[in-house]
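Structural features, examined
Spelled out from the first residue to the last, the chains are:
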Amino acid sequence: MNIIFSWIYGWFISIFGEDLDYHLFGYECQGDEFVLGDRCLYTPIGLVALGVAILFFVLYYYIVNSAKLNRWWHWVIVMLLVGIVNFFVGHAWTVAELPNMGGCLTVYVGDCWLFGLANAIVSALFFIIISFAGKWGSSQCKHTPF
Amino acid sequence: MKVYVFGIGGTGSRVMRAMTMLLASGVECKADAIVPIIVDPDAAGGDVERAATLMRHYGEIRSKLDFSSKKQNRFFRTEIMETMPNFRLPLSNTEDCRFDEYMDLSGMSKENKALARLLFSQKNLDSDMKIGFKGNPNVGSVVLNQFEDSIHFQNFANDFTAQDKIFIISSIFGGTGASGFPLLLKTLRTSNNIANPNLVNNAHIGAITVLPYFQVQQDDESSIDSATFVSKAKSALSYYLRSISQNNTIDDLYYVGDDTRTTYENVEGGAEQKNNAHFVELISALALIDFANSQNPNPERSNAEYLQTVHKEFGIEKDSNEITFVELGQKSKKQLRKPMTQFLLFAKYLDEYRDFMSQPWVVDRKFDDNFFDSDFISTLKTVQSEYIGWLAEMAGQQRAFTPFNLHRDPNRVFDLVKGNSPRGVFFDKNFKFFDNRLNGTRGESKSGEKEQQFAELFYLATEKLVKDKLNID
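Residues numbered from 1 in each chain as written. Chains lettered and ligands numbered in written order. Predicted model: local features only at pLDDT ≥ 70, side-chain atom pairs only at ≥ 80, totals over all residues. Heavy atoms only, no water.

1. Notes on the interface of chain B and chain A
Spelled out, the test is: We call two residues in contact when some of their heavy atoms are within 4.5 Å. Using a 1.4 Å probe, buried area is obtained as the accessible area two parts lose upon being combined, added over both of them. Whenever a carboxyl oxygen of Asp or Glu lies within 4 Å of a side-chain nitrogen of Lys or Arg, that contact is scored as a salt bridge. Definition of a polar contact: a pair of N or O atoms within 3.5 Å, with one able to donate and the other able to accept a hydrogen when the atoms are protein atoms, and with sequence-neighbouring residues admitted only if both atoms are side-chain atoms. Helix and strand assignments follow DSSP, with helices taken as H or I runs no shorter than four residues and strands as E runs no shorter than two, numbered in order from the N terminus. Each residue gets one of three labels, nonpolar for Ala, Val, Leu, Ile, Met, Phe, Trp, Tyr, Cys and Pro, charged for Asp, Glu, Lys and Arg, and polar for the others, Gly among them.
Across the contact, 13 residues belong to chain B and 12 residues belong to chain A. Across the interface of chain B and chain A, roughly 1000 Å² is buried in total on both sides, 47% from carbon and sulfur atoms. On the chain B side of the interface with chain A, the three residues burying the most area are Ser 358, Pro 360 and Phe 427 of chain B, jointly 38% of the side's total. Applying the counting rule to chain B against chain A returns 2 salt bridges. Across the chain B-chain A interface, the total number found is 11 residue pairs in polar contact (both at pLDDT 80 or more). Put simply, the parts of the chain that give the side of chain B that touches chain A at least two residues each are helix H13 (360-364) and helix H16 (430-439) of chain B. Counted by class, the side of chain B that touches chain A contains 3 nonpolar, 5 polar and 5 charged residues.

2. Describing the pattern of salt bridges
Residue and element names in this part refer to chain B. So the rule is basically this: Exposure categories follow from relative accessible area, calculated using a 1.4 Å probe and restricted to protein chains: below 20% of the type maximum is buried, above 50% is exposed, and the middle band is partly exposed.
Overall, the coordinates contain 22 salt bridges over all chains when judged by the stated rule. Residue Asp 415 is joined to Arg 412 by a salt bridge in which the shortest nitrogen-to-oxygen separation is 2.6 Å. Classification of Asp 415 as partly exposed rests on a relative accessible area of 25%. Here the salt bridges do not stand alone but share partners, grouping Arg 14, Arg 17, Asp 47, Arg 50, Glu 281, Glu 386 and Glu 393 into one network.

3. With respect to a nonpolar patch on the surface
All names here are of chain A. Rule in force here: Residues enter patches when their relative accessible area tops 30% and they take part in no salt bridge; the joining distance is 9 Å for like charges and 5 Å for the nonpolar side chains Val, Leu, Ile, Met, Phe, Trp and Tyr. Each accessible area is a Shrake-Rupley result for a 1.4 Å probe, and residues are judged covered by the shown protein chains and nothing else.
A contiguous nonpolar surface patch, about 900 Å² in accessible area, is contributed by Trp 72, Trp 73, Ile 77, Leu 80, Leu 81, Ile 84, Phe 88, Val 109 and Trp 113. Counting only elements with at least two residues in the nonpolar patch, the list comes to helix H5 (72-97) and helix H6 (109-134). Counting residues per element, the nonpolar patch draws most heavily on H5, at 7 residues. Position of Leu 80 among the secondary structure elements: in helix H5.

4. Structural notes on unusual backbone geometry
Negative phi values dominate among residues other than glycine, just as trans dominates among peptide bonds. A cis amide bond, omega 10°, links Thr 144 of chain A with the succeeding residue Pro 145 of chain A. Along the polypeptide, Pro 145 of chain A turns up in the segment after H6. Positive phi outside glycine occurs at Asn 86 of chain B, with the angle close to 60°. Tracing the sequence through the fold places Asn 86 of chain B in the loop between strand S3 (79-80) and helix H3 (99-102). The exposure class assigned to Asn 86 of chain B is partly exposed, which follows from its relative accessible area of 25%.

5. Quick notes on the side chain of Thr 43 of chain A
Here Thr 43 of chain A shows up in helix H4 (residues 42-64). With residues up to four places along the chain from it excluded, the contact list for Thr 43 of chain A reads Met 1, Asn 2 and Phe 5 of chain A.

6. Some thoughts on the packing of aromatic side chains
Residues and elements named next belong to chain B. For clarity, the threshold we go by: Aromatic rings from Phe, Tyr and Trp, taking only the six-membered ring of Trp, are treated as a pair when their centres fall within 6.5 Å; an angle between ring planes under 30 degrees marks them as stacked, one over 60 as edge-to-face, and anything in between as tilted. Our definition puts a charge over a ring when NZ of Lys or CZ of Arg is within 6 Å of the ring centre and also within 35 degrees of the ring normal.
Enumeration according to the criterion identifies 64 aromatic pairs over all chains in this entry. Aromatic side chains Phe 181 and Tyr 240 sit 5.1 Å apart centroid to centroid with 80° between the ring planes, which places their arrangement in the edge-to-face category. Residue Phe 181 is found in helix H8 (residues 176-190), and its partner Tyr 240 is found in helix H10 (residues 229-245); the two are separated by 59 residues along the sequence. Overall, Phe 181 belongs to the buried group, its relative accessible area being 0%. Taking NZ or CZ as reference, Lys 469 lies 5.1 Å from the ring centre of Phe 433, over its face.

7. Considering the environment of Ala 395 of chain B
All names here are of chain B. As for its placement among the helices and strands, Ala 395 is situated in helix H15 (residues 375-395). Among the residues examined, Ala 395 registers a relative accessible area of 29% and is labelled partly exposed. Residues Ala 395 and Asn 405 lie 10 residues apart in sequence; the distance between their C-alpha atoms is 9.8 Å. Excluding residues that lie within four positions of it along the chain, Ala 395 makes contacts with Ala 400, Phe 401 and Thr 402.

8. Structural notes on the sheet that holds strand S4 (residues 165-171) of chain B
Two strands in a sheet stick together by hydrogen bonds in their backbones, pointing the same way (parallel) or opposite ways (antiparallel). Residues and elements named next belong to chain B. Put simply, the rule is: DSSP calls a pair of strands paired once it identifies at least 2 bridges connecting them. Every angle, taken between N-to-C directions, lies between 0 and 180 degrees, and every axis is a line fitted to C-alpha atoms, over only the stretch in contact when it is a helix.
Reading across from one edge, S3-S2-S1-S4-S5-S7-S9 is the order of the 7 strands in this open sheet, with parallel pairing throughout. Unpaired on one side and paired on the other, S3 and strand S9 (310-313) mark the two borders of the sheet. Both strand S5 (residues 204-210) and strand S7 (residues 252-256) contribute to a ladder of 5 bridges, which runs parallel. Pairing of Ala 207 across the sheet is with Leu 253, part of S7. Contacts from H10 reach S5, S7 and S9 within the one sheet, and its direction differs from that of S7 by about 170°.

9. Concerning the environment of Leu 470 of chain B
Residue and element names in this part refer to chain B. On the secondary structure map, Leu 470 appears in helix H17 (residues 450-470). What makes Leu 470 buried here is its relative accessible area of 1%. Placed 129 residues apart in sequence, Leu 470 and Thr 341 show a C-alpha to C-alpha distance of 9.6 Å.

10. Quick look at the confidence of the model for chain A
Spelled out, the test is: pLDDT expresses how confident the predictor is about each individual residue, on a scale running from 0 to 100.
A residue-level look at chain A finds 99% of positions with pLDDT of 70 or above and a mean pLDDT of 88. Predicted confidence in chain A is weakest over strand S2 (residues 33-36) of chain A, with a mean pLDDT of 74, and strongest over H4 of chain A, with 94.

11. Digging into H8 of chain B
Threshold: What a helix is expected to span follows from its residue count: subtract one and scale by 1.5 Å.
Helix length check: H8 of chain B, at 15 residues, gives a terminal C-alpha distance of 21 Å against a target of 21 Å (1.5 Å per residue), a fit within 8%. For H8 of chain B, the buried fraction is high: 13 of the 15 residues fall into the buried class.

Laid out in structure tokens, this is it:
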């Protein structure tokens, strides 16, 4: 699972920077050296992103399941909500990690905001995949977004 | 089993209009088919034309639908067969002809001429046959005494089977109906000059006699004077008692009338004679359905000793000038409330709502623009618009039948049935809730004919809607 989530978030390293990637992948500073530990943060962050995407999917397609809210732009709004929630989750999670990063990694709060953005994109991708896979059982939204 | 329905005069046509509305909405009728036969010399009469056009549209819609046993749709379920041109039994020698010419008064002997002048006023003799008998049953009784000679009447007798029934609709206070009913009944019961005389003579025959329920404006130029309606009805009733009820020549005889009467414009006939719909006509149509669903009280006509005529009248639970479903008796309420509400919802959806093309019920079944522009939908909308108009007409009468709130407010779609508040808190509201139920209805297989899928889907969805929102089942 670490490998899968690291691979997915790896697409966005250019956004939030290599140093934050090292830390989230599990590297720790021991003096000036990098040592690979067993604490890969991509997995819990990714699982939360996936969970939020599933939660919003179930809410939209099966709980609310509304004939009034089944146009493509309603779905886009839900996807944006998923992204916004995970944007703040990603940002908050990485900001909380700043004190644990050690002196060998240079990570700024701005990188945390950018990771939040990457997390939002990842969660939106999850929401898109889940929507297309699971929309068919919804009576009102089976053709949403198209 | 078919029910041959003879609608005599203007009232006959208006009751047929009501019957068509009830059958379109799916009111249960146990007959496989209704065969309307309009008997009215006034071929251009507005009421005749309106009823015939409506029944033709009904037939066009129904021809696209399938009613095999697995189908649940009840809209347009009972067949209305057109066996005569424009549903009319043509009357011979009534066009472009005055009554004296019809009788060949000038060719009569002096004695016969004197007798004719004794029986008919000069106004009677000068009257134009093509616009009916204008409230003169004495004229009608001469002109209508020709059923046996009609090829179309012979065709009716020829097609008649042992299971079939006959129902006659007429008013008692006019000319055509009052004179036509006893003559027609006599022909049906006694004529040997028709095909299948045994079957027709012994058939299960019912009739509704409509007592005065409207009046016309006083007009000294007109032959129709509503001051005579009650006296005419009385003398006709006395005649019916002697010649019909006491002889048991009819199996079921229904009476309906109303002493609260709307005043109509005084029109003798022709296209202008198009009276607004009235509750009494709806009740008369219900009498026809009651008759279609009933058993023959005289299955063996050969034994005159045991013959009986069943007389039926209609009443409402509570006297009111504004009748809603609440004022109806339990049986009528059960018969009418659900189907009429369902069909009104169906009509409102197609008439008032546009934003449905992206809904799953449309996309899944590939109901495209071509389908919504088709003759089927256009005819359906015409009938539904007539239905709403028919309800509005009844609601505008002196004694109004007004069970529905006929508004077009998109925010109060289910605030529809008077005395029945919409219930339930749902996320989707109004027409979106309608869409919700359409989307959630499985209905007809998606491979069937589109028209059939459409009707089945709307029937099942409106059935759920009236149950969920209005607690009607």
